[in-house]
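Analysis of the macromolecular model
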Amino acid sequence: MIRPKALKKGDTIGLISASGATPPEKFLPAIKSIEKLGFKVVAGETCRARHGYLAGSDELRASEVNEMFRDSNIDGIFCIRGGYGATKILPLLDFDMIKANPKVFAGYSDVTALHIAFNQKCGFVTYHTPMPSTEFIQPEMDYYTWNSFIQTVTATDRSDYRLENIPEHSMTTLSAGKARGQLIGGNLTLVTASLGTPYEIDTKGKILFLEDVDENEQRVDRMLTQLKLAGKLDEVAGILLGAWTNCGPENPERPENSLSLQTIFQEILVPLNKPILMDITCGHCLPTMSLPLGRTITMDTENQMIKVIE
């Protein structure tokens with residue numbers, strides 16, 4: 001896997017939305033949040049465009065992704081937000097050109113569709129990170145999250161470092177064991193949506209990270225079951241489970257009509273006999289760590305340790 005050139009102060013960031021439309025009041029604060037990090041910003045038209053719930057037409061969003069990779073003056077690409085729509089532009093992307101111009105590409109949530117495609121079709125590492133119009137501008141944006149983000153995109157070649165939770169938040173061992181493999185994944189909904197398409201996630205021998213937001217427990221059950229029936233969970237070397245924000249029962253007043261996420265994980269994932277760590281500080285949450293998707297990592301559930309290696 002190619003590791004994109006690290007970003008440094010003074011570099012130019014191409015800011016785009018491959019997914020949902022950005023609320024107008026968040027546009028300028030998002031740009032300022034990047035500039036405060038010492039970067040210059042070139043904001044794409046998609047940051048202000050709207051086509052219903054999308055940041056402009058499929059053609060506009062795809063052409064902007066292509067252009068940001070093609071433009072030699074752009075050093076890195078940040079997705080301003082997630083939402084919905086990244087899967088729709090995949091057939092319109094010039095993967096040969098993108099492969100020839102690897103750059104730091106950062107975002108998460110709906111951006112998972114692009115992470116999978118760039119990792120598999122273009123062979124370069126991408127970065128699961130918080131985003132400018134969501135986390136960057138939140139008053140509760142914290143040092144841990146900022147530090148993890150900055151270290152991830154400005155030191156892309158570093159190795160032998162740990163992916164650590166905030167000190168007061170321990171990881172939990174769901175299933176014991178050790179594993180080594182390429183870190184892949186992201187949002188469970190987008191990972192599942194890739195099945196049966198030319199962009200289907202390849203999990204064989206890899207360590208799969210999953211998180212989600214605003215999905216009730218029944219839907220989480222359904223998606224994990226689909227991954228299992230598709231053979232994707234049998235093929236993994238290990239599993240990392242991040243934040244499951246607002247993923248509680250559909251009717252909290254009748255908990256007896258639901259299953260807890262813990263029960264779902266125990267019934268679907270534990271029988272796989274794969275090493276599994278849960279409660280990773282990453283996902284639709286603050287604080288949140290940044291992840292180098294495509295890098296090789298090791299996981300040790302006994303010591304609750306995740307390490308990025310060569």
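Residues numbered from 1 in each chain as written. Predicted model: local features only at pLDDT ≥ 70, side-chain atom pairs only at ≥ 80, totals over all residues. Heavy atoms only, no water.

1. Description of the pairing of strand β1 (residues 12-16)
A large share of β1 lies buried, amounting to five of its five residues. Between β1 and its parallel partner strand β2 (residues 40-43), the chain crosses via helix α1 (residues 24-35), and the hand of that crossover is right-handed. Summarising the sheet, β1 and strand β3 (residues 76-79) pair through four bridges and their orientation is parallel. What sits directly across from L15, in β3, is F78. (Buried < 20%, exposed > 50% of the residue type's maximum accessible area, 1.4 Å probe, protein only. Helix = DSSP H or I, 4+ residues; strand = E, 2+ residues; numbered from the N terminus. Right-handed = clockwise from strand over helix to strand, strands pointing away. Pairing = 2+ DSSP bridges.)

2. Some points on the pattern of salt bridges
Tallying each qualifying case throughout the model produces 10 salt bridges. A salt bridge links D58 to K88; the shortest N-O distance between them is 3.8 Å. Taken together, the residues D58 in helix α2 (residues 58-70) and K88 in helix α3 (residues 86-89) connect sequence positions 30 residues apart. For E164, the salt bridge goes to R162, with nearest N and O atoms at 3.6 Å. Through salt bridges that share partners, R3, D157 and E310 make up one connected network. (Salt bridge = Lys/Arg side-chain N within 4 Å of Asp/Glu carboxyl O.)

3. Some points on the side chain of H284
Of note, H284 is situated in the loop between β11 (276-278) and β12 (291-293). By relative accessible area, which is 17% here, H284 ends up buried. Beyond its immediate chain neighbours, meaning those up to four positions away, H284 contacts Y108, S109, N187, E211, D212, V213 and T245. (Contact = heavy atoms within 4.5 Å.)

4. Overview of the sheet that holds β1
Strand order in this open sheet of six strands is β2-β1-β3-β4-β5-β12, and the pairing throughout is mixed. Both edges of this open sheet fall to β2 and β12, since each of them pairs with a single strand only. Within the sheet, the average angular offset between the axes of one strand and its neighbour, ignoring direction, is 25 degrees. Bridge count for β1 against β2 is four bridges, and the pairing is parallel. Across the sheet, residue I13 finds its bridge partner in β2, namely V41. Its contacts with the sheet place α1 against β1, β2 and β3, and it is angled at close to 150 degrees to β2. (Axes fitted to C-alpha atoms, helices over the stretch in contact; angles between N-to-C directions.)

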